Amino acid sequence: MKYAWIVRAYPHGKYRTKEFLLKNIVAIGWPCIGDLTNKKTRDDVKQAVLTYYSYSSQQSLGQSVGNIYRFKEEIKKDDYVLLPDGNLVYIGIIDSSYRYDSSVDSETEGYPHQKEVKWLYDKKAIPRKFLTGRVFDSLKGQQTVFTTYHDDVDDIVKNKKNYFTQQTNIELKNEYLSRLQNGLLRNINSNTFEDAVCSLFSNYYPGLRRLSTTSSKSGDTDLLAELPANVIIRIQVKHFYPSQGEIQDWVVDQLSDSM
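These numbers come from a predicted model, not from an experiment.

J.: Could you clarify how one ought to interpret the packing of helix H2 (residues 42-49) against helix H3 (residues 58-74) in this entry?
T.: Pairs of packed helices are described in terms of their axes, by the angle between the two and the distance that separates them. At a minimum axis separation of 9 Å, H2 and H3 run at an interaxial angle of 120°. One way to sum up the angle between H2 and H3 is to call them oblique. Crossing geometry of H2 relative to H3 is assigned as right-handed. Residues Arg42, Val45, Lys46 and Val49 of H2 lie in contact with H3, whose contacting residues are Gln58, Leu61, Val65, Gly66, Ile68, Tyr69 and Glu74. Broken down by class, the residue content of the contact of H2 with H3 amounts to 6 nonpolar, 2 polar and 3 charged.

Listed below in structure tokens is the structure:
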């Protein structure tokens, strides 16, 4: 039986979509525990994890072991893999068993546990909104590695090719990012950048809205969302260019003071 998997592109807390696509892989973090090729059971994985990491609870340890074990042992060749990237999702087919890459087994790189992937349709992505409702909802899962609905994904891949051809590839996204960082996009200023950030994060925090803000260096919140269970989301938006130097301490202090 074949499965479809969701793998987050943040091994060891670092964004790696670009590397995954360029290297035709997916990977998970937990560096510095060595090659897991011969670790066949959950207990084997647990003992490897505990050689480097410590956990405040058995639940946290169990979650880590579960993610690693699923990635290594349960994701099989020819399974689908979905890679969420903001409002987009890349889809590929697993093309290998587990492999260990010692060149990125460090705290700095942090994605040594890998599987090869054949990314579909020239590595083009589809918008989340094109997914079926239950696959879309499954992306809300918080784990690093988990399953979603294979039949729904299979139908998209085989019968919805137009979903992929409507999207640009990562090279174009990187070009826009480069232009943004170098101040070469027209009509981008602090105000329009704040609008863009609000639009992006509204997909994750319903009801997010802009607040009237000031130029003061004291506490200030630019974007606010009030979620169920008394959860408050505060976002501080800053628009700087690398040529202007490092971000100063007051920027971080302003966000802290707004809390």
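J.: How do you make sense of the pattern of salt bridges when you look at a structure like this?
T.: Should their charged atoms come close, side chains of opposite charge can pair. Under the criterion given, the structure shown has 12 salt bridges. Among the ionic pairs, Glu109 bridges to Arg16, the shortest N-O distance being 3.5 Å. Highlighted residues: Glu109 in the loop between strand E5 (99-100) and strand E6 (113-119) and Arg16 in the loop between strand E1 (4-7) and helix H1 (17-23), separated in sequence by 93 residues. With relative accessibility at 28%, the residue Glu109 sits in the partly exposed group. In this structure, Asp95 and Lys77 form a salt bridge, with 3.6 Å as the shortest nitrogen-oxygen distance. Here the residue Asp95 occupies a position in the loop between strand E4 (88-94) and E5, and Lys77 occupies one in the loop between H3 and strand E3 (80-85), the gap between them amounting to 18 residues. On the accessibility criterion, Asp95 (25% relative accessible area) is partly exposed. Several salt bridges converge on common partners, so that one network encompasses Arg16, Glu19 and Glu109.

J.: I would appreciate a short explanation of the sheet that holds strand E9 (residues 209-210) in the present structure.
T.: Note: strands within a sheet are paired through backbone hydrogen bonds, in either parallel or antiparallel orientation. Pairing is antiparallel in the open sheet, where 3 strands are placed in the order E9-E10-E11. Edge strands, defined here as strands with exactly one partner in the open sheet, are E9 and strand E11 (231-235). Here E9 pairs with strand E10 (residues 223-227) via 2 bridges, running antiparallel. Directly across from Arg209, in E10, lies its bridge partner Leu224.

J.: Just checking my understanding: could you explain helix H8 (residues 190-201) for this structure?
T.: Spacing of three or four residues puts side chains on the same side of an α-helix, whose turn is 3.6 residues. For H8, which comprises 12 residues, the first-to-last C-alpha distance of 17 Å matches the rise-based estimate of 16 Å (1.5 Å per residue) to within 8%. For H8, the complete set of buried residues consists of Glu194, Val197 and Cys198. Across the axial projection of H8, the buried residues extend over an arc of 100°, all falling on one side. Against the buried residues of H8 lie E9 and E10.

J.: Would you explain the pairing of E4 in this entry?
T.: The two faces of a sheet get side chains in turn, since along a regular strand they alternate between them. In terms of burial, E4 is largely enclosed, as 7 of its 7 residues are buried. Pairing geometry for E3 and E4, over 6 bridges, is antiparallel. For Pro84, the partnering residue across the bridge sits in E4 and is Val89. What sits between the antiparallel neighbours E3 and E4 is a turn of 2 residues, in which Gly86 has the positive phi angle 65°. Where E4 and E6 come together, 3 bridges link them in antiparallel fashion. The residue of E6 that forms the bridge with Gly92 is Trp119.

About the thresholds
Counting of residues starts from 1 at the beginning of each chain's written sequence and follows it residue by residue. The predicted nature of this model means local features are confined to residues of pLDDT at least 70 and side-chain atom pairs, given and counted, to a pLDDT of 80 or more, with totals for whole chains, interfaces and linings taken over all residues. Hydrogens and water are ignored here; the side-chain numbers use all heavy atoms of the structure. Note on definitions: angles span 0 to 180 degrees between N-to-C directions of axes, and those axes are lines fitted to C-alpha atoms, for helices only across the stretch in contact. The secondary structure listing takes helices from DSSP runs of H or I that are at least 4 residues long and strands from runs of E that are at least 2 residues long, numbered from the N terminus. Note on angle classes: values under 35 degrees are labelled roughly parallel, values over 145 roughly antiparallel, values of 65 to 115 roughly perpendicular, and the remainder oblique. Each crossing gets its hand from how the near helix is turned against the far one by less than a right angle, where anticlockwise is left-handed and clockwise is right-handed. Here, residues are in contact when the closest pair of their heavy atoms is within 4.5 Å. When residue character is reported, Ala, Val, Leu, Ile, Met, Phe, Trp, Tyr, Cys and Pro are called nonpolar, Asp, Glu, Lys and Arg charged, and the others, Gly included, polar. For this document, the term salt bridge refers to a Lys or Arg side-chain nitrogen within 4 Å of an Asp or Glu carboxyl oxygen. Between buried and exposed lies partly exposed: a residue is buried under 20% and exposed over 50% of the maximum accessible area for its type, with that area taken using a 1.4 Å probe on protein chains only. The pairing criterion is simple: DSSP has to find at least two bridges between the two strands. Expected helix span is computed as 1.5 Å times (number of residues minus one). Our arc is simply the arc of the directions from the helix axis toward the C-beta atoms.

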